[in-house]
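# Residue-level structural notes
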Amino acid sequence: MANYGIKVSKPGYDVTSAADRYLSLSSKLNMFKVFSSGTSSVASGNTLQITHSLGYIPNFMVYIETDGSTNQMEIVSASLITNKAQAYADSTKLYVYNYGSSTRDVYYYIMYDPI
Amino acid sequence: MANYGLKISKPGYDVSSASDSELVYSSKFDTLKVFSSGSGSITVPNPMAEQTVTITHNLGYRPAFMFYTQIFDVFSGSVTSGYYMSPYTDPVGGDGSIMPYVSTTTLKIRYGAVHAPSGSVINYKYFIFYNKAI
Amino acid sequence: MSNYGIKITKDGYDTSSASIPNQILNSSCNSLKIVAEGQTTISVNGNNVDDTVTISHGRSNIPAFLAFAQLRGSSTVSYPLNSYDLFSGSGEGFKGTANSSNIVFTATDSGTAYTATIYYYIFAEPSR
């Protein structure tokens, strides 16, 4: 059976022989596609809600300003200890909860790719 | 020296002059390439005890990954419908963390003994990339 | 108006009808582009003061980033950002922050010296 597709190798690698990990693009391998991204802010003790309305729970990445700092960003996981923030998504919204003491800027990515 | 490759600009940007951030894709840059993805769940036992989820990848090196999980919301007294990017750590203390870690063969996620009450069903989802973690 | 672009579907999907979640690439959708990656270490000297390593990113923005770290408890596993190794080490943790010039990774020091090994990715996309 014919094997059709497209692949692009990383610089320095022969595309005809490169293993999957040495490709920057392959029609065989999914990569995340950004649905929306943007900046906002969330006050102390509040939850920022960003509507995506995808109808499914999307993959996401959220960065938040370090509590008490300016122009210093960190990725948000469900780690109240390190981030003093949490981010989570359901089928309609992305939520960012600020457990810190100051209003903090947020940058978010919502992917087309479902969790 | 010739400079060969493939690049695609974002809508509205001239591909011949677009900066890196104005490109959708460029063969000059790697991307996070998904090796495998999936989902599962755990049921917290009675009595509560730590649990480890094991996902085999057998890539032979430690891959980058993303792991998303529901958590138990102590304020509502129920498992969240939303998913959180792990790890999860709780300032309240005790063994309530949800901590993923990866080896050359497996992605494991340790659910701490007291992260949720007995009987709670916690769903999770994961992405394992071809890209390495070390 | 004409609609130009490129799209690539996942195996088994028709490009003429596949929704974006069933595509690998769509020129109307940005992707996360890795502009730099590398390995570095943090020398944790065991004095109960957290230690850091600074990576100059050279970007004109504060970039998005990801990283993984090998901590003290095991030399065979890596943890993602914001982790605490609560069961094989003594609670060593790992976090990262980015500003307009640098990415700074921090490893917690619980009183025992060790070397934390970090692999990081810096994206063209911003984190602010």
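What you are looking at is a predicted structure, and each value in this text was computed from that prediction instead of being measured. Residue positions are given per chain, counted from 1 along the sequence in the order it is written. To read the labels, note that chains go from A and ligands from 1, taken in the order they are written. Residue-level local features of this predicted model are given only where pLDDT is at least 70; pairs of side-chain atoms are given and counted only at 80 or more, and the full residue set underlies all totals for whole chains, interfaces and linings.

So, on to the overall build of chain C. Helix and strand counts for chain C stand at zero helices and ten strands. Along chain C, helices and strands appear, N-terminal first, in the series β-β-β-β-β-β-β-β-β-β. A compact globule built from 128 residues should have a C-alpha radius of gyration of about 14 Å, whereas chain C, at 20 Å, is more than 25% larger. Dimensions of chain C, computed from the C-alpha atoms along their principal axes, are close to 65 × 35 × 20 Å. Burial status across chain C gives 45% buried among its 128 residues. Pairs at least 24 apart in sequence give 55% of the contacts found in chain C among residues at least 6 apart. Only DSSP runs of H or I with at least four residues qualify as helices, and only runs of E with at least two residues qualify as strands; both kinds are numbered from the N terminus onward. In this setup the radius of gyration rests on C-alpha atoms only. A globule is expected at 2.2 Å times the number of residues raised to 0.38. Residue burial here comes from a neighbour count, namely the number of other C-beta atoms, placed from the backbone, that lie within 10 Å of the residue's own C-beta, with 20 or more meaning buried, 12 or fewer meaning exposed, and in between meaning partly exposed. Whether two residues are in contact is decided by their C-beta atoms, placed from the backbone, lying within 7 Å.

Moving on to the domain arrangement of chain A. Domain extents, as shown, originate in an automatic or database domain assignment. Under the domain assignment, chain A is made up of domain 1 (1-30) and domain 2 (34-114). Here the C-alpha centroids of domain 1 of chain A and domain 2 of chain A sit 34 Å apart.

A few words on the interface of chain C and chain A. Taken together, the contact pairs 28 residues of chain C with 28 residues of chain A. Secondary structure elements with two or more residues in the side of chain C that touches chain A: β2 (23-26) and β8 (92-98) of chain C. Examining the composition of the side of chain C that touches chain A, we find that five residues originate from one element, β8(C), more than from any other. Considered class by class, the residues forming the side of chain C that touches chain A number 13 nonpolar, eleven polar and four charged. When residues are grouped by polarity, Ala, Val, Leu, Ile, Met, Phe, Trp, Tyr, Cys and Pro land in nonpolar, Asp, Glu, Lys and Arg in charged, and all others, Gly among them, in polar.

This part covers unusual backbone geometry. P47(B) follows N46(B) through a cis peptide bond whose omega is 0°. Within the secondary structure layout, P47(B) lies in the loop between β4 (34-43) and β5 (51-56). The omega torsion across S86(B) and P87(B) is 10°, close enough to zero to call that bond cis. Note on placement: P87(B) falls in the loop between β9 (83-85) and β10 (88-89). Of note in the backbone geometry, N48(C) takes a positive phi value of approximately 65° without being a glycine. Topologically, N48(C) is positioned in the loop between β3 (33-44) and β4 (51-56). Take N48(C): there are 10 C-beta atoms within 10 Å of it, and that puts it in the exposed class. For N82(C), which is not glycine, the phi torsion reads 75° and is therefore positive.

Turning our eyes to something else, we now look at the interface of chain A and chain B. Interfaces are frequently sized by the accessible area removed from exposure as the parts join. Taken together, the 27 residues of chain A in the interface contact 26 residues of chain B. Taken together, the residues that form the side of chain A that touches chain B break down as 16 nonpolar, seven polar and four charged. As judged from the two bridges shared by strand β8 (residues 85-89) of chain A and β9(B), these two strands associate in the antiparallel manner. By the bridge assignment, Y88(A) is partnered in β9(B) with Y84(B). Paired strands, as defined in this entry, are two strands with at least two bridges between them according to DSSP.

A set of buried Ala, Val, Leu, Ile, Met, Phe, Trp, Tyr and Cys residues, joined to one another through C-beta atoms within 7 Å, is what we call a nonpolar core. Ranked by size, the top nonpolar core spans 100 residues in total, and within it F60(A), V62(A), A87(A), V96(A), F65(B), F65(C) and A67(C) carry the most contacts. With nine residues, the single largest contributor to this core is strand β10 (residues 114-126) of chain C. Those residues in contact with A87(A) that lie beyond four places of it in its chain are F60(A), V62(A), V76(A), L94(A), Y95(A), V96(A), Y84(B) and M85(B).

What follows is about the sheet that holds strand β5 (residues 63-70) of chain C. By definition, the strands of a sheet pair up through backbone hydrogen bonds, in either a parallel or an antiparallel sense. One open sheet accounts for five strands, arranged β3(B)-β3(C)-β10(C)-β5(C)-β6(C); its pairing is antiparallel. Both edges of this open sheet fall to β3 (30-31) of chain B together with β6 (79-80) of chain C, since each of them pairs with a single strand only.

In terms of domains, chain C is made up of domain 1 (1-31) and domain 2 (34-126). Put simply, the middle of domain 1 of chain C and the middle of domain 2 of chain C, counted by C-alpha atoms, are 36 Å apart.

The sheet built from seven strands is open, its strands ordered β4(A)-β9(A)-β8(A)-β9(B)-β6(B)-β13(B)-β4(B) with antiparallel pairing. Of all the strands in the sheet, just β4 (47-51) of chain A together with β4 of chain B have a single pairing partner and so form its edges. The mean angle between the axes of side-by-side strands here comes to 25°, regardless of whether they run parallel or antiparallel. Under this scheme, a helix contributes an axis fitted over its contacting stretch, all axes are lines through C-alpha atoms, and angles between N-to-C directions fall in the 0 to 180 degree range.

Looking at chain C as a whole, the pLDDT averages 90, with 94% of positions reaching at least 70. The predictor attaches a confidence to each residue, and that confidence, scored 0 to 100, is pLDDT. β4(C) holds the highest mean pLDDT among the elements of chain C, 97, whereas strand β7 (residues 83-85) of chain C holds the lowest, 78.

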